[in-house]
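Report on the structure
Each chain, written out:
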Amino acid sequence: MVTEEKKTELLTKLRNAVIQYDEDTAKEASQEALDVGMEANDAIFNGLVSGMVEVGKMFEAQEYFVPELLMCADALYAGLDILKPHVKQLDLGVKGSVVIGTVEGDVHDIGKNIVKMMFDVAGFTVYDLGRDVPLDKFVAEQLRTDSDLVCLSAMMTTTMTGMKKVIDDLRAKNPHVKIMIGGAPVSQDVADKYGADGYAKDATNALKDAINMIESLKKMKDEVEAKKAK
Amino acid sequence: MKTSLKKELLDHGATVVGIADLRGFLGGEIAHLDRAVSIGVDRRLNEDTLSLLVKLEKRAVRFLKARGHRTLAIPPDSDRKKGTFISQLYSLFNHKMAATSAGLGWIGKNGLLISIDYGPRLSLATVLTDAPLRPDLPMEYGLCGGCMLCREHCPSQAITGAEWSRAVPFVELVKLSACRSHKATKRATDGKPNCGLCINICPYGRKEAAESMRVRG
């Protein structure tokens, strides 16, 4: 059994590897964690992800800029690749599936990819449509996969307006689906105006909001089913 | 700090190391990393050279990080892993631009970095950083002079003969489509896209050539 001391040491090492965007150390520490018999879940969430949360804060505080953020994400994935096959049962209380993409006309997908990563890490099933995605495709994919959540991203004010159309179409087809939007020009005001369920200003918030939304969605579904049963 | 960083890299296999001040040259997301450590290795481009360059980059990264600076290692052009997040930013950056800014050489008529001592035979990698390293003197003009050997020997007539200078860095030196289609033909016939005549012919850094030029004098 792994000692508490060793565990803390490895978690700190994983966390720092992500913060220090050090892929080699992230890999090494992940392998070491497995070798000493640590739970992969523990290593991911209390090590890698805890590092990424710190990185998010540093990014907000403008201590880190985009390149550092991206390298941290790469370090996280380097560790995740090693740990993920050993994850036994990911239990966040809620699991869901999500359709995600950057809307038509927009090729900026860095933000979208980081949000996607958070969903990956949290054990969501992610259907990534990529960037410059035709608006109809979001609706089609949601129906095909029966996803709980659709995440739209746009980096430009000109492409942002496409999100309104997707939201309207999704609502018409499936009133229960939850929709989140994000990207540089997006604000809470825009989200309200377009009728989105959520707006997230960064990846960590996106994940938290998503979990809350899916929780409420599942509750709603249960209630409906309970009524039917009566 | 600059001297010890250079020494560290040279001791571990780098042929040349230069520091460039890139303020005003970098766009967008990488603009805050305005010093470049340009690393050149005088070897044929192959797997070993690439792994040496990557090792040197890691060494520079460790050195700078240990002193509390940000770093961004841009891998050699022929070793760019696709699919990582950071790889999306690599296209914002050009190794040759850093190398000329660091005074390692100029852009020759063949479109390659030419170093006085090593000719067009350096393989390059760059580490960007915000460490306030004292920059080396940049190259402002090419030193190709009237030499047209690469132009004369280019099998696809891709070399225009124009000259590079820092003031007009975007003049067309090589018709890339011509060069590329020649290499594609080579690949079809020989199985390898190798050409490299403009590298082999360049008198800079070629011992025999340099000596014969001196004799002719």
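With respect to the packing of helix α6 (residues 135-145) of chain A against helix α7 (residues 157-173) of chain A
All names here are of chain A.
- Interaxial distance between α6 and α7 falls to 9 Å at its minimum, and their mutual angle equals 30°. When the axis of α6 is compared with that of α7, the two are roughly parallel. The handedness of the crossing between α6 and α7 is right-handed. From α6, Leu-135, Phe-138, Val-139, Gln-142 and Leu-143 reach across to α7, where they touch Gly-162, Lys-165, Val-166, Asp-169, Leu-170 and Lys-173.
- The class makeup of the residues in the contact of α6 with α7 is six nonpolar, two polar and three charged.

Section: the domain arrangement of chain A
Residues and elements named next belong to chain A.
- Each assigned domain of chain A is listed with its residue range as follows: domain 1 (4-86) and domain 2 (97-229).
- Each of domain 1 and domain 2 has a C-alpha centre, and the two are 27 Å apart.
- Contact residues are listed per partner, giving eleven residues for domain 1 and seven residues for domain 2.
- Among the elements of the structure, α3 (40-60) and α4 (66-83) are those that each provide at least two residues to the side of domain 1 that touches domain 2.

Focus: the nonpolar core
- The biggest cluster of nonpolar side chains holds 76 residues, and the ones touching the most others in it are A:Leu14, A:Val18, A:Cys72, A:Leu76, A:Leu152, A:Met180 and A:Ile181.
- It is α4(A) that contributes the most residues to this core, twelve residues altogether.
- Setting aside residues no more than four positions away along its own chain, A:Ile181 makes contact with A:Leu152, A:Met163, A:Val186, A:Ala191, A:Tyr194, A:Ala196 and A:Tyr199.
- Counting 52 residues, the second largest nonpolar core, distinct from the first, contains B:Val41, B:Ile159, B:Leu173 and B:Cys202.

Overview of the sheet that holds strand β6 (residues 122-129) of chain B
All names here are of chain B.
- Read across the sheet, four strands follow the order β1-β2-β6-β3 without closing on themselves; strand pairing throughout is antiparallel. Edge strands, defined here as strands with exactly one partner in the open sheet, are β1 (16-21) and β3 (71-74). Between one strand axis and the next, the sheet turns by 20° as a mean value, whatever way the strands run.
- Sheet topology places β1 next to strand β2 (residues 35-42); six bridges connect them, and they run antiparallel. Each bridged residue has a counterpart across the sheet, and for Gly-18 the counterpart in β2 is Ser-38.
- Each of β1 and β2 is contacted by helix α1 (residues 2-11), which is oriented at about 145° to β1, the strand it contacts most.

Overview of the confidence of the model for chain B
Residues and elements named next belong to chain B.
- Chain-level statistics for chain B give a pLDDT mean of 88 and a share of 92% at 70 or above.
- Per-element mean pLDDT across chain B ranges from 56 in helix α7 (residues 207-216) up to 96 in strand β4 (residues 106-107).
- Predicted complex, confidence summary: ipTM 0.77, pTM 0.74.

A short note on the interface of chain A and chain B
- Counting residues at the interface gives eleven residues for chain A and twelve residues for chain B.
- Secondary structure elements with two or more residues in the side of chain A that touches chain B: α4 and α5 (110-121) of chain A.
- The element contributing the most residues to the side of chain A that touches chain B is α4(A), with seven residues.
- Partitioned by chemical class, the residues of the side of chain A that touches chain B number seven nonpolar, two polar and two charged.

Topic: the confidence of the model for chain A
- Confidence in the prediction of chain A, expressed as mean pLDDT, is 85, and 94% of residues score 70 or more.
- Mean pLDDT values for the elements of chain A range from 73 in helix α9 (residues 203-229) of chain A up to 95 in helix α2 (residues 23-35) of chain A.

Focus: helix α5 (residues 176-190) of chain B
- Along its 15 residues, α5(B) runs 20 Å from first to last C-alpha, staying within 8% of the 21 Å computed at 1.5 Å per residue.
- Following α5(B) by one or two positions, B:Gly191 adopts a phi angle in the positive range, close to 80°.

Some remarks on unusual backbone geometry
All names here are of chain A.
- Located in the positive-phi region is Tyr-21, a residue other than glycine, with phi close to 35°.
- For Tyr-21, the position within the fold is in the loop between α1 (4-19) and α2.
- Owing to 28 C-beta atoms within 10 Å, Tyr-21 belongs among the buried residues under this scheme.
- The residue Asp-146 is not glycine, and still its phi comes out positive at about 50°.
- With respect to the helices and strands, the residue Asp-146 is situated in the loop between α6 and β3 (149-153).
- Judged by the 9 C-beta atoms lying within 10 Å of it, Asp-146 falls in the exposed class.

Examining α6(A)
Residue and element names in this part refer to chain A.
- Residues Phe-138, Val-139 and Gln-142 constitute the buried set of α6. Buried positions in α6, seen along its axis, are confined to an arc of 95° and lie on one side of it. Looking at α6, the residues exposed on the side facing more than 90 degrees away from the buried face are Asp-136 and Arg-144.

Thoughts on the packing of α1(A) against α4(A)
Residue and element names in this part refer to chain A.
- Where α1 contacts α4, the axes come no closer than 7 Å and their chain directions differ by 140°. For the pair α1 and α4, the contacting residues are Leu-14, Ala-17, Val-18 and Ile-19 in the first and Cys-72, Ala-75, Leu-76 and Gly-79 in the second.
- Taken together, the residues of the contact of α1 with α4 break down into seven nonpolar, one polar and no charged.

Points about the domain arrangement of chain B
- By domain assignment, chain B separates into domain 1 (2-129) and domain 2 (149-216).
- The partner domain 2 of chain B presents 14 residues to the 15 residues of domain 1 of chain B that form the contact.

Points about the environment of A:Asp148
All names here are of chain A.
- Note that Asp-148 resides in the loop between α6 and β3.
- Owing to 24 C-beta atoms within 10 Å, Asp-148 belongs among the buried residues under this scheme.
- Considered as a pair, Asp-148 and Leu-34 are 114 residues apart in the sequence and their alpha carbons are 33 Å apart.
- Those residues in contact with Asp-148 that sit more than four places away from it in its chain are Gly-96, Ser-97, Val-98, Lys-178, Ile-214 and Leu-217.

About the criteria used
Residues numbered from 1 in each chain as written. Chains lettered and ligands numbered in written order. Predicted model: local features only at pLDDT ≥ 70, side-chain atom pairs only at ≥ 80, totals over all residues. Axes fitted to C-alpha atoms, helices over the stretch in contact; angles between N-to-C directions. Helix = DSSP H or I, 4+ residues; strand = E, 2+ residues; numbered from the N terminus. Parallel < 35°, antiparallel > 145°, perpendicular 65-115°, else oblique. Left-handed = near helix turned anticlockwise from the far one by under 90°. Contact = placed C-beta atoms within 7 Å. Nonpolar A, V, L, I, M, F, W, Y, C, P; charged D, E, K, R; others polar. Domains from an automatic or database assignment. Core = buried A, V, L, I, M, F, W, Y, C linked by C-beta atoms within 7 Å. Buried ≥ 20, exposed ≤ 12 C-beta atoms within 10 Å, placed from the backbone. Pairing = 2+ DSSP bridges. pLDDT = per-residue confidence, 0-100. Expected span 1.5 Å × (residues − 1). Arc of directions from axis to C-beta.

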